[in-house]
Amino acid sequence: MPEFDIREVDPRDKAELQRWWATGHEAMAGRPYDLRQTWETTQAVMTRPHDDFQQTLLAAYDGGEMVGSALQVFPVADNLTMSYADVTVPHEHRRRGIGSALLREVEERARAAGRAYVLVETVAPVGVVGPGELFARALGYPVANREGFKVLDLGDHPDWAPLEEKVAERIGDHRIVEWGSVTPPEHAQPICDALNVFIGMAPMGDLALEDTSFTPERLRRNEERSDAIGRRRFTAAAFSSDGTLAGYSDLFVPAHEDRFAQIGITMVLPEHRGHSLGLAMKLATHRALMATLPQCRLVVTDNADANEHMNAVNEQLGYRLVEQQLEVQKTL
């Protein structure tokens, strides 16, 4: 097997960072939609440290040519057993052992850091066992969670008026409150409390993820970082008549981007379900996005196949399934 030189990429080295970005972008060619981070987004995100994660950029070199790239992320605020990774190899360099070499490096670094799991995402056409899944399986990465990757065309979606009527009929005494990128201080603690039980509530398959540990201070730091890099967010929360938080939903537009938006999370606390709050909050954030950024044409999301309720909500809104997204996980 040929040997490749695996080295860290210094994000402060603009030329090398751009090579790293281009290698990953090239590897994603051929997908139904080009949703890979732009160079401007990558430069903004990778050059600003994140308090919650330790990020390492890796590249595989064959001589002077960069032939593969990887991103390794260690959570440092919670989920301390996990190592997340993204490994990409352009099509013309596949089947040469480059991806395997990058994953070995990722695993060695994860072991050295005391991590127990490596979690990687791969995509495939709908209904197909793709090469990414076969590659992962061969290297000891079984599928831990299957998700559908979906796209909503904001210029061509079903009439939402019947959905608005449905919400009005079922919402009862609940009210929807909207805000942008900054959580109002009076809502920070309830939002953190909800975020900290989200992992345990959402269908996650066999993923070895644990609940998070957000505090208002951590939430504020993350929002300040997002604002500094230019990431925009549209948020809606549902409250009961006594002011108790009942649900939360957000979507964001990546930094230096206006072609598409991505749904972050949507959750309704169990005791408040049955009032179409998930649908109500999503309608609110989507309407706000369209009013603020009419040039944004797409919203993308991914939901676990087992999450039947959220899949049904997204189908009503007009989302279309375009890819499978598989989360593959190796126990070290």
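For the structure itself, consult the block above.
Everything in this summary refers to the structure shown in the same document. Given the structure is predicted, the values throughout are model-derived calculations rather than measurements.

1. Concerning the pairing of strand E10 (residues 260-268)
Here's step 1: Burial within E10 is extensive, with seven of its nine residues counted as buried.
Here's step 2: Two strands pair when backbone bridges link them, and strand E9 (residues 245-253) and E10 are joined in this way by five bridges, in the antiparallel orientation. Along E10, the bridge assignment pairs Phe252 with Gln262.
Here's step 3: Direction of pairing for E10 relative to strand E11 (residues 298-304): parallel, over a ladder of three bridges. By the bridge assignment, Gln262 is partnered in E11 with Val300.
Here's step 4: Handedness of the β-α-β unit built from E10, helix H8 (residues 277-292) and E11 comes out right-handed.

2. Points about the nonpolar core
Here's step 1: Within the largest apolar cluster, 30 residues are counted, with the highest numbers of intra-cluster contacts made by Leu289, Val299 and Leu317.
Here's step 2: Elements supplying a minimum of two residues to this core: helix H5 (161-170), strand E8 (232-239), E9, E10, H8 and helix H9 (308-317).
Here's step 3: Once residues lying within four places of it in the same chain are set aside, the contact partners of Leu317 are Leu152, His157, Pro158, Trp160, Leu163, Leu279, Lys282 and Leu283.
Here's step 4: Judged by nonpolar contacts, the second largest core, of 25 residues, contains Ala188, Leu195, Ala208 and Ile265.

3. Here we look at the sheet that holds strand E7 (residues 175-179)
Here's step 1: Strand order in the open sheet formed by 12 strands is E1-E2-E3-E4-E5-E12-E6-E11-E10-E9-E8-E7, with mixed pairing between adjacent strands. Strands with a single pairing partner mark the edges of an open sheet, and in this sheet they are strand E1 (5-8) and E7. Within the sheet, the average angular offset between the axes of one strand and its neighbour, ignoring direction, is 25°.

4. Details of the pattern of salt bridges
Here's step 1: In total, this model carries 17 salt bridges according to the counting rule given.
Here's step 2: The salt bridge involving Glu164 is made with Arg287; its shortest N-O contact spans 3.3 Å. On the criterion of sequence distance, the pair formed by Glu164 in helix H5 and Arg287 in helix H8 is long-range, its members being 123 residues apart.
Here's step 3: Overall, Glu164 belongs to the partly exposed group, its relative accessible area being 32%.
Here's step 4: The class for Arg287 is partly exposed, based on a relative accessible area of 39%.
Here's step 5: Via salt bridges that share partners, Glu8, Glu105 and Arg109 belong to a single interconnected network.

5. What about H9?
Here's step 1: The set of residues buried in H9 consists of Met310, Asn311, Val313, Asn314 and Leu317. Projection of H9 onto a plane perpendicular to its axis shows the buried side chains occupying an angular sector of 160°, all on one side. Along H9, exposed side chains directed more than 90 degrees from the buried face belong to Glu308, His309 and Glu315.
Here's step 2: After H9 finishes, the residue Gly318 shows a positive phi value of roughly 115°.

What counts, and at which threshold
Residues numbered from 1 in each chain as written. Predicted model: local features only at pLDDT ≥ 70, side-chain atom pairs only at ≥ 80, totals over all residues. Heavy atoms only, no water. Buried < 20%, exposed > 50% of the residue type's maximum accessible area, 1.4 Å probe, protein only. Helix = DSSP H or I, 4+ residues; strand = E, 2+ residues; numbered from the N terminus. Pairing = 2+ DSSP bridges. Right-handed = clockwise from strand over helix to strand, strands pointing away. Core = buried A, V, L, I, M, F, W, Y, C linked by side-chain atoms within 4.5 Å. Contact = heavy atoms within 4.5 Å. Axes fitted to C-alpha atoms, helices over the stretch in contact; angles between N-to-C directions. Salt bridge = Lys/Arg side-chain N within 4 Å of Asp/Glu carboxyl O. Arc of directions from axis to C-beta.

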